[in-house]
Amino acid sequence: MGKDVRPNWDNPMQFVLACVSYAVGLGNVWRFPYLCQSHGGGGFLIPYLIMLVLEGIPLFYLELAIGQKMSLGSIGAWTAISPYLGGVGLASVVTSLYLCLYYNIINAWSFWYLFHSFQSVLPWAECPVNANLTGPIEECERATPTQYFFYRETLDISSNIEVNGGVHMGQALCLLLAWIITYLFIVRGVKSTGKVVYFTATFPYLVLFIYLIRGVTLHGAINGVVYMFTPKMEQLANPTTWINAATQIFFSLGLGFGSLIAFASYNQYNNNFERQAIVVSLINSSTSIFASIVTFSIYGFKATVNYENCLESIRVKLLNAFSLSEDTISMETVLDWIEKLNTTYPEQFAELGLEAVPCDLNKELDTAVEGTGLAFIVYSEAIKNMPLPQFWSVLYFIMLLLLGMGSMLGNVTAIITPLRDFKIFSRMSNELFNGLVCLFCLLLGFGFTTPSGNYWFTMFNDYGATFSLLFIVLIEVITVSYIYGIKRFEKDIEDMLGHRPNWYWKIMWVVVSPVLLIALFIFYIVNYIQGGTPTYQAWDKDLGKAVVTEYPVFGQLFIALLLVSSVSCVPLTALYAYCKKKQRKQPNQRKRTISTVSA
Amino acid sequence: MWDDNEMFLFRSTVAYAMRRQLPGQQFSVPNIVVCNETARVSFWFVVMSPDMGSLIPKQQVEKAVRMSRGRINSAFMLTDHTLEFIGIAPTLASPYTPDTPPWLIVFGVVMGVVVAGIIFLVGSSVVQKKRKKKQKSTDNNAEVNEEHSAVNEGVYNMSFTDEERITRI
């Protein structure tokens, strides 16, 4: 019995809330609605829910079981399962490290926007004036004020990944704040995390609910909701739909990072994680659906406002060109008048340079955006049009912060827990070790606050975790089902819960999930090879929009480094374990002892 | 509603602007000549000199309008956006730049609270550890501790427990 007893959650509710806080993150708000819209609206729910049942819940259960059984972080747990496969845990830690580095930048941006909401006129509502006070700044004219605020004032973005500059002081300060708050949440390990999650897991729902009420009462919100939920069943025949559904479930639940293993390792041995796994997975998916209703009502509002602004500007143009009095053309009759004037004065009309159908509501709705673009550009554009925008802005960015911080808790815990299992680190005090980890990530994270930082962020976001996670979870499920043995695993679960897992779980672990994961894995590789040179969106300040650019050679090398560094942990550790074993056999020449894993 | 009275007001504000620009010359409403009025409420106007002899050149008129733009706008309760003088770009108001950007103020408040929280937490755990160390060193001399440590070093045997094996959520 060691001197330091492993800390535990104060009660099972803290564990559940921690898992919810970790799993329910920014992806639920900005990735799922996008997928729903681009893959047939309401119809997307079918592959989504099927994938949840086939791979989401079983894999979630698996990770919780391992963590709770071994009571160790990912490295220790996997080494205990099979000494050759401790590398899986190490790969998880490396991937979590990459995630920690870039994820907190999003929180930094949320802070930046939050602090800028305390002004009488929101800074992204209008273009700032240029130097000689004759009009708005050109870059802002060509783009929109919200885009200008994001790309120029928040990021001070350069023209491509090769051009760099100094650190953006405002961003650096916000990143510092984000890391200090992260440290504050985890400073005492599970004891402090357990208290924080009561807030970070529940408050976002309150805000989402308030936004739901606000959203559906907005003018034109119904357009967005109808557009999103109209099922286009033909999308179900497209394999990409199913693959995206599988990937979304996968990443949304946060499998493979080691966070779930870490959280579960602080559980009491007999905690009923089976029910908790199902509950958390269902909460996660329902939050995605709930958030997408909110997102799409806001979307519909923004599209309707843009459409009406477009109609209004056309109307003014017509009035000016044909010198008609103010009340001849109204908003409803604009389109009729376009036709009328086109037939009666064709040359004059052609001079105006209008298209045949200049304003299209569906086109506005079609501009599907995901990721940071949705959160920081589209949403802030919608907010500036609401009455009392400062209040809604503050509320929204606080929600983003809570979602992001809640996920950060899991990310950082995934690094700290396995490292603390090693003797060298466990001697340090909790506060010191956690502080060092946060400081390390903060210093590396400053690289993302430079002008090309957003491009590096995109690179990390697209390549840092996706492929490695698939690999990790595939190895995990194959290890447990075949190397460790499903019978041994069953016995362990019976030991913890009092009953064996029923046939559904066993079939998923042994057959369905591995097959699905292998299919996803192959698809990723094929897609990557077929896709040619990887590209990213570079912001062109002269055009005022994002341009697709190829990564330069060093960028592609770095992507390869990201992928290889985490994936190679598995074979390298296996090799290391093998060499160590051979070394040990030489001097003693005795039979290999079988290491007992479970009691 | 645009009518003759509004036109009269317009002509008088332009006359006012001309008076400000060229002091000494007494411009008045008949000096402002308007033509080509359309239903859109757009028209051409020229400014004659007070003795109705010559036209005032365009640059002078532009300068005058630019200088008094604010007064002309407010006479009609319109803005630079809704009252357009074609060819005369509005001089936009210089933005209000406060000494400290407001976001920095909020940032400072939040940062202060968080740092105070950390100092409190880290400090209290350091104090707790020191107290525990002191307690241990004084307890080591006491006999009672022997009994306590014997109990503490035991392993909790789960087979004798009455508690529920399965914890509820």
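Residues numbered from 1 in each chain as written. Chains lettered and ligands numbered in written order. Predicted model: local features only at pLDDT ≥ 70, side-chain atom pairs only at ≥ 80, totals over all residues. Heavy atoms only, no water.

Novice: Give me the lowdown on the overall build of chain B, citing residues and values where you can.
Specialist: A count of helices and strands for chain B gives five helices and two strands. Along the chain direction, N to C, the helices and strands of chain B fall in the order α-β-β-α-α-α-α. Here chain B, with 169 residues, has 21% of them falling under the buried criterion. Sequence-distant contacts in chain B: of pairs separated by 6 or more residues, those separated by 24 or more amount to 37%. (Helix = DSSP H or I, 4+ residues; strand = E, 2+ residues; numbered from the N terminus. Buried < 20%, exposed > 50% of the residue type's maximum accessible area, 1.4 Å probe, protein only. Contact = heavy atoms within 4.5 Å.)

Novice: Outline the overall build of chain A, supporting the account with residue identities and numerical values.
Specialist: Scanning chain A for helices and strands turns up 27 helices and two strands. Here the C-alpha radius of gyration of chain A, 27 Å, is about what a compact globule of 599 residues would show, namely 25 Å. Taken along the three principal axes of its C-alpha coordinates, chain A extends 100 × 50 × 45 Å. Counting every position in chain A, which comprises 599 residues, the buried fraction comes to 56%. Within chain A, residue pairs in contact and separated by at least 24 positions form 82% of the contacts whose partners lie at least 6 positions apart. Accessible surface, chain A as shown: approximately 24600 Å² in total, 64% of it carbon and sulfur. Charge-centre separation for chain A: the mean point of 36 positive side chains lies 23 Å from the mean point of 39 negative side chains. (Rg over C-alpha atoms; globule rule 2.2 N^0.38 Å. Areas by Shrake-Rupley, 256 points an atom, 1.4 Å probe, with all protein chains shown as cover. Lys, Arg positive; Asp, Glu negative; His and termini not counted. Charge placed at Lys NZ, Arg CZ, Asp CG, Glu CD.)

Novice: So what's going on with the interface of chain B and chain A? Which residues, and what values?
Specialist: Tallying the contact residues gives 32 residues for chain B and 43 residues for chain A. Taking both partners together, chain B and chain A bury about 3300 Å²; carbon and sulfur atoms supply 70% of that area. On inspection of chain B and its partner chain A, the count reaches one salt bridge. Here Lys-129 of chain B makes a salt bridge to Glu-431 of chain A, at a shortest N to O gap of 3.8 Å. Linking chain B to chain A there are three residue pairs in polar contact (both at pLDDT 80 or more). (Buried area = accessible area lost by both parts, 1.4 Å probe. Salt bridge = Lys/Arg side-chain N within 4 Å of Asp/Glu carboxyl O. Polar contact = N/O pair within 3.5 Å; in protein donor to acceptor, adjacent residues only side chain to side chain.)

Novice: I'd like a description of helix 24 (residues 486-497) of chain A, backed by residues and values.
Specialist: Residues and elements named next belong to chain A. The end-to-end C-alpha distance of helix 24 is 16 Å, a good match for the 16 Å that twelve residues give at a rise of 1.5 Å each. Among the residues of helix 24, those classed as buried are Ile-486, Phe-489, Glu-490, Asp-492, Ile-493, Met-496 and Leu-497. The arc enclosing the buried residues of helix 24, seen along the axis, measures out at 160 degrees, which places them on a common side. Opposite the buried face of helix 24, by more than 90 degrees, sit the exposed residues Lys-487 and Lys-491. Elements in contact with the buried residues of helix 24: helix 4 (45-70), helix 14 (273-322), helix 23 (466-483) and helix 25 (503-530). (Expected span 1.5 Å × (residues − 1). Arc of directions from axis to C-beta.)

Novice: Account for the pattern of salt bridges, naming residues and giving values.
Specialist: Residues and elements named next belong to chain A. Per the stated rule, a full pass over the model turns up 14 salt bridges over all chains. Taking the shortest distance from any N to any O, the salt bridge between Glu-431 and Arg-188 comes out at 3.9 Å. Placement of the pair is Glu-431 in helix 21 (residues 430-445) and Arg-188 in the loop between helix 9 (169-186) and helix 10 (190-216), with a sequence separation of 243 residues. In this structure Glu-431 comes out as buried when scored by relative accessible area, which is 9%.

Novice: An account of the pairing of strand 2 (residues 545-550) of chain A is requested, with residue identities and associated values reported.
Specialist: All names here are of chain A. Of the strand pairs in this sheet, strand 1 (residues 535-540) and strand 2 are connected by six bridges, and their pairing is antiparallel. Note that in strand 2 the partner of Thr-535 across the bridge is Glu-550. If you look at the hairpin formed by strand 1 and strand 2, you'll find four residues sitting between the two strands, and Gly-544 has a positive phi there, around 75 degrees. (Pairing = 2+ DSSP bridges.)

Novice: Help me get a handle on a nonpolar patch on the surface, residues and values and all.
Specialist: Residue and element names in this part refer to chain A. Taken together, the side chains of Leu-432, Leu-436, Leu-439 and Leu-443 make up a nonpolar region of the molecular surface, amounting to roughly 370 Å² of accessible area. Mapped onto the secondary structure, Leu-436 falls in helix 21. Under the relative-accessibility criterion, Leu-436 is labelled partly exposed at 43%. (Patch = residues over 30% accessible without salt bridge, like charges linked within 9 Å, V, L, I, M, F, W, Y side chains within 5 Å.)

Novice: Now, about the UniProt feature "binding site: Na(+)" (unreviewed entry) in chain A: what can you tell me, with residues and values included?
Specialist: Residues and elements named next belong to chain A. UniProt tags Ala-23, Val-24, Asn-28, Ser-252, Asn-284, Leu-403 and Ser-407 as "binding site: Na(+)" (unreviewed entry). A maximum C-alpha distance of 12.5 Å is found for the annotated residues, which run over 385 residues; spatially they form one tight group. Those residues in contact with Asn-28 that lie beyond four places of it in its chain are Ala-23, Pro-33, Ser-252, Asn-284, Thr-287, Ser-288 and Ala-291. Reaching out from Asn-28, the side chain makes a polar contact with the backbone nitrogen of Gly-25 at a distance of 3.0 Å. Here Ser-252 lies in helix 12 (residues 239-252). The buried category is assigned to Ser-252, whose relative accessible area is 9%. Apart from residues no more than four positions distant in its own chain, Ser-252 is found in contact with Ala-23, Asn-28, Asn-284 and Ser-288. (UniProt positions renumbered as here; feature names shortened; annotations may be inferred.)

Novice: An account of the confidence of the model for chain B is requested, with residue identities and associated values reported.
Specialist: Residue and element names in this part refer to chain B. With 83% of its residues at a pLDDT of at least 70, chain B reaches an overall mean of 80. For chain B, the element scoring lowest by mean pLDDT is helix 5 (residues 144-152), at 55; helix 1 (residues 4-21) scores highest, at 88. Here the prediction assigns the complex a pTM of 0.84, and the interface score ipTM is 0.75. (pLDDT = per-residue confidence, 0-100.)

Novice: Run through the UniProt feature "transmembrane region" (unreviewed entry) in chain B, naming residues and quoting values.
Specialist: When the UniProt feature table is mapped onto this chain, "transmembrane region" (unreviewed entry) is found at residues 103-127 of chain B. Annotated as 100% helix and 0% strand, the span residues 103-127 of chain B places its first and last C-alpha atoms 36 Å apart.

Novice: Lay out the side chain of Thr-295 of chain A in plain terms, naming residues and giving numbers.
Specialist: Residues and elements named next belong to chain A. Locating Thr-295 in the fold gives a position in helix 14. We classify Thr-295 as buried; its relative accessible area is 2%. Not counting chain neighbours up to four residues away, the residues in contact with Thr-295 comprise Val-29, Pro-33, Leu-374 and Tyr-379.

Novice: Summarise the packing of helix 19 (residues 389-420) of chain A against helix 21 of chain A; cite the residues concerned and give the values.
Specialist: Residue and element names in this part refer to chain A. Between helix 19 and helix 21, the shortest axis-to-axis distance is 11 Å and the interhelical angle comes to 130 degrees. Classed by the angle they form, the pair helix 19 and helix 21 counts as oblique. Classified by chirality, the crossing of helix 21 by helix 19 is right-handed. Between helix 19 and helix 21, the residues in contact are Ile-415, Ile-416, Leu-419 and Arg-420 and Asn-430, Phe-433, Asn-434 and Val-437, respectively. Per-class residue counts for the contact of helix 19 with helix 21 are five nonpolar, two polar and one charged. (Axes fitted to C-alpha atoms, helices over the stretch in contact; angles between N-to-C directions. Parallel < 35°, antiparallel > 145°, perpendicular 65-115°, else oblique. Left-handed = near helix turned anticlockwise from the far one by under 90°. Nonpolar A, V, L, I, M, F, W, Y, C, P; charged D, E, K, R; others polar.)

Novice: Just give me the short version of unusual backbone geometry, but keep the residues and values in it.
Specialist: Positive phi values are uncommon outside glycine, yet Asp-156 of chain A reaches one of about 50 degrees. Its location among the elements puts Asp-156 of chain A in the loop between helix 8 (145-154) and helix 9. Take Asp-156 of chain A: its relative accessible area is 36%, and that puts it in the partly exposed class. Notably, Asn-36 of chain B is not glycine yet its phi reads approximately 55 degrees, a positive angle.

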